[in-house]
Amino acid sequence: MRLHVFGNSPSPAVATLGLRKAAQASELEFGSHVTSFVTRDFYVDDGLTSCPTKEEAVKLRKDTQQALAKYGNLRLHKFASNFAEVMSAFHASDLASNLKDLDLEYDRKLLLRKIVSETIDWDQPLTDETADELKSWRDTLIAIETLRIPRTYVPYLSKTTTKELHVFSDASEKAIAAVAYLRTTDSSGEPNIGFILGKAKVAPTSGHTIPRLDLSAAVLAVEITQTIMDNLDLHIDTVKFYTDSKVVLGYISNETRRFFIYVANKVEKIRKLSSPSQWNYVPTNRNPADSGTRSVPAHEIHRSEWLLGPRQLLFSEQKNSEDIYQLIDPEEDGEIRATINVAKTFATLEQKGIGTDRFNRFSNWTSLVRAIAFLERFSRLHGSKQTAPVTSLEGFSNAENFILISAQYEVYGDEIDCIKRQEQIHKRSPIANLNPFLDERGLLRVGGRIAKSDLNLREKKPLIVPGRHHIATLLVRHYHNKIKHQGHEHSYISFVHIVNIVFLFLSVYQTILYTLCKTPVPFLVEL
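What counts, and where the lines are drawn
Residues numbered from 1 in each chain as written. Predicted model: local features only at pLDDT ≥ 70, side-chain atom pairs only at ≥ 80, totals over all residues. Heavy atoms only, no water. Pairing = 2+ DSSP bridges. Helix = DSSP H or I, 4+ residues; strand = E, 2+ residues; numbered from the N terminus. Axes fitted to C-alpha atoms, helices over the stretch in contact; angles between N-to-C directions. Phe/Tyr/Trp six-rings, centres within 6.5 Å; stacked < 30°, edge-to-face > 60°. Buried < 20%, exposed > 50% of the residue type's maximum accessible area, 1.4 Å probe, protein only.

**Brief notes about the sheet that holds strand β5 (residues 191-202)**
Here's step 1: The strand order β5-β4-β3-β6-β7 describes an open sheet built from 5 strands, whose pairing is mixed. At either margin of the open sheet sits one strand with a lone partner, and together these are β5 and β7 (279-281). In this sheet, adjacent strand axes meet at a mean angle of 25 degrees when their direction is disregarded.
Here's step 2: Where strand β3 (residues 162-171) lies against strand β4 (residues 175-185), 10 bridges are found, and the strand directions are antiparallel. Within β4, the residue paired with Leu165 across the bridge is Leu182.

Right under this line is the structure:
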């Protein structure tokens, strides 16, 4: 294809790459400011930036337009600016033909939600109360025309010595909000504070408690912070977060308890983008994010803390919080998993065996059996003058039986209890398909139709040994060493060796007879 295809999945990425390559190729002729503008301030084919002066804005746009035309055969046009002097510097064909109006219903304001929830049909008239509220809200919108937000964050930003980012979050039944401010100090120690970014969202209609909403607001705070850090071309010395919910602070600082999925996911995201030491408590009446969670008339926005910032940042020394926030009533909080203490006891040999965790100290099956046999005899003969050999066959057999019962009951205790009560094993049991049963010694074995065969007991009714248990490792290691580390071909190799030995013996025997009798002696071998 000789042209860039429109509509393919990778088309936006290809277009962006081509745009950046053209800007990079022009850097030597037109300067790094063009490359920086195209690389950082373009999204596919739209660019948005600001400049300190009108002259710099005109120069940047003209240089970029010429650079892309020369090195990429691209036409940069549809310019728009809030300064008439900047617009007049370009030909009419390069200007945007129209501008889109702000869509105030993009995120459904609270009032629209209320209206929709009250009406059954779109043609149904509003109630008098709702109609008056809507009219009052509409009449206040004219005040937005006079609302002005300073373009610069703080005075003389380039001359500041420290730069701190302070982010506040809050939630109510209506909305969640987060707002960020830049606090700076100059060489004389004088502080300044400026509004950077604020964001509010309508809260879900149901299913969320206030702690959950406060936690969602905290997530919103770390999200807008990440956006600021990615796009603000300033070195930030310190980032601090604030919330008026001590429950949320306890969630974020928690290191001991586990949460249910919703809270666990939110806390994980917060701790991924921030650390607990960055979070601080702020009283509700000093939290500027509170303005974003309640209805503020349009004519009062210009003097709200949302835009002006919290005054306490100007008059107090900002230090790292050393408070360790604890969970609030963890036993009563439905978001925290209950702590379960498990007590495990073991009965006698005939019942449930002993704690098999001590078996892990042994790396050899024979050593384990010998130790259990010794303990069993010592216990049985304690206080008696009788003696018995530790390595007796009966003692070893009892010890092996004891070890296997202990391991089986530790892993398959519920199944064994069901068998003893003559109840059916749960179908989700890992050994349900083995038709297990208990033999006369209390060992769990495999059942089934193979029991009717002529094989011996071990072959037709094999023992069930938990595969992930330490006992299974010891048994495999024991028999693996016993056959000298040979594999599955061991039986075939042994058979071949036997045949070779038989033929060797017969050959020697035939040679001896031939030597003695001087006549060949025929013989028949049946294999």
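**Side note on the packing of aromatic side chains**
What characterises a pair of aromatic rings is the spacing of the ring centres plus the angle enclosed by the ring planes.
Here's step 1: Enumeration according to the criterion identifies 7 aromatic pairs in this entry.
Here's step 2: With 4.6 Å between their ring centres and 35 degrees between their planes, Phe79 and Phe90 make a pair best called tilted. Placement of Phe79 in the loop between α4 (54-72) and α5 (84-88) and of Phe90 in the loop between α5 and α6 (110-118) is noted, with a sequence separation of 11 residues between them.
Here's step 3: For Phe79, a relative accessible area of 7% corresponds to the buried category.
Here's step 4: The exposure class of Phe90 is buried, given its relative accessible area of 9%.
Here's step 5: Measuring from centroid to centroid gives 4.8 Å for Phe241 and Trp279, while their planes differ by 15 degrees, and the two rings are stacked. Pair noted here: Phe241 is in strand β6 (residues 238-243) and Trp279 is in strand β7, with a separation of 38 residues, a long-range link. Note on accessibility: Phe241 and Trp279 belong to one class, buried.
Here's step 6: Among the aromatic side chains, those forming a connected cluster through ring pairs are Phe168, Tyr181, Phe195 and Tyr242.

**Comments concerning unusual backbone geometry**
Here's step 1: Its identity is not glycine, yet Asn73 carries a phi of approximately 55 degrees, on the positive side.
Here's step 2: Under the relative-accessibility criterion, Asn73 is labelled exposed at 71%.
Here's step 3: The phi angle at Asn435 is positive, at roughly 50 degrees, despite the residue not being glycine.
Here's step 4: Here Asn435 lies in the loop between α14 (393-420) and β8 (437-438).

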